[in-house]
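# What the coordinates show
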Amino acid sequence: MLDAFIIEEIKRRERRREEHERPVVELPLPAPDERPRRRTETEDDKPQRGVVVIDLLA
């Protein structure tokens, strides 16, 4: 009979081999730009901010 260490080592090697043989899906991703684009905000892009007062006591 084989030693427990040898049995575990065989199982470990089989699992590693199965992981390497498992098919892998590769997604075609677009290549990233050389540098990230910086967005500049203009007056038109800024959201309108303000205050709304609601009187609930009337």
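Below, the structure is looked at part by part. (Residues numbered from 1 in each chain as written. Predicted model: local features only at pLDDT ≥ 70, side-chain atom pairs only at ≥ 80, totals over all residues. Heavy atoms only, no water.)

This brings us to the overall build of the protein chain. Check the secondary structure of the protein chain and you find 1 helix and 0 strands. Put simply, the protein chain shows about 7,200 Å² of open surface, and 53% of that area lies on carbon and sulfur atoms. (Helix = DSSP H or I, 4+ residues; strand = E, 2+ residues; numbered from the N terminus. Areas by Shrake-Rupley, 256 points an atom, 1.4 Å probe, with all protein chains shown as cover.)

All right, on to the pattern of salt bridges then. Two side chains bearing opposite charge may form a pair once their charged atoms approach each other closely. Evaluated as defined, the whole model comprises 4 salt bridges. When the shortest N-O distance is used, the salt bridge between Arg-13 and Glu-9 registers 3.3 Å. Taken together, the residues Arg-13 and Glu-9, both in helix 1 (residues 4-21) and 4 residues apart, mark about one turn of the helix. Here Arg-17 ties to Glu-21 by a salt bridge, and the two come within 3.7 Å at their closest N and O atoms. Here Arg-17 and its partner Glu-21 are both found in helix 1, 4 residues apart, which amounts to about one turn of the helix. (Salt bridge = Lys/Arg side-chain N within 4 Å of Asp/Glu carboxyl O.)

The next point concerns the side chain of Glu-9. Owing to a relative accessible area of 18%, Glu-9 belongs among the buried residues under this scheme. For Glu-9, the side chain forms a polar contact with the side chain of Arg-12, separated by 2.7 Å. (Buried < 20%, exposed > 50% of the residue type's maximum accessible area, 1.4 Å probe, protein only. Polar contact = N/O pair within 3.5 Å; in protein donor to acceptor, adjacent residues only side chain to side chain.)

Before going further, it helps to examine a nonpolar patch on the surface. On the surface, a cluster of nonpolar side chains totalling about 460 Å² of accessible area is made up of Leu-2, Phe-5, Ile-6, Ile-7 and Ile-10. Tracing the sequence through the fold places Leu-2 in the segment before helix 1. (Patch = residues over 30% accessible without salt bridge, like charges linked within 9 Å, V, L, I, M, F, W, Y side chains within 5 Å.)

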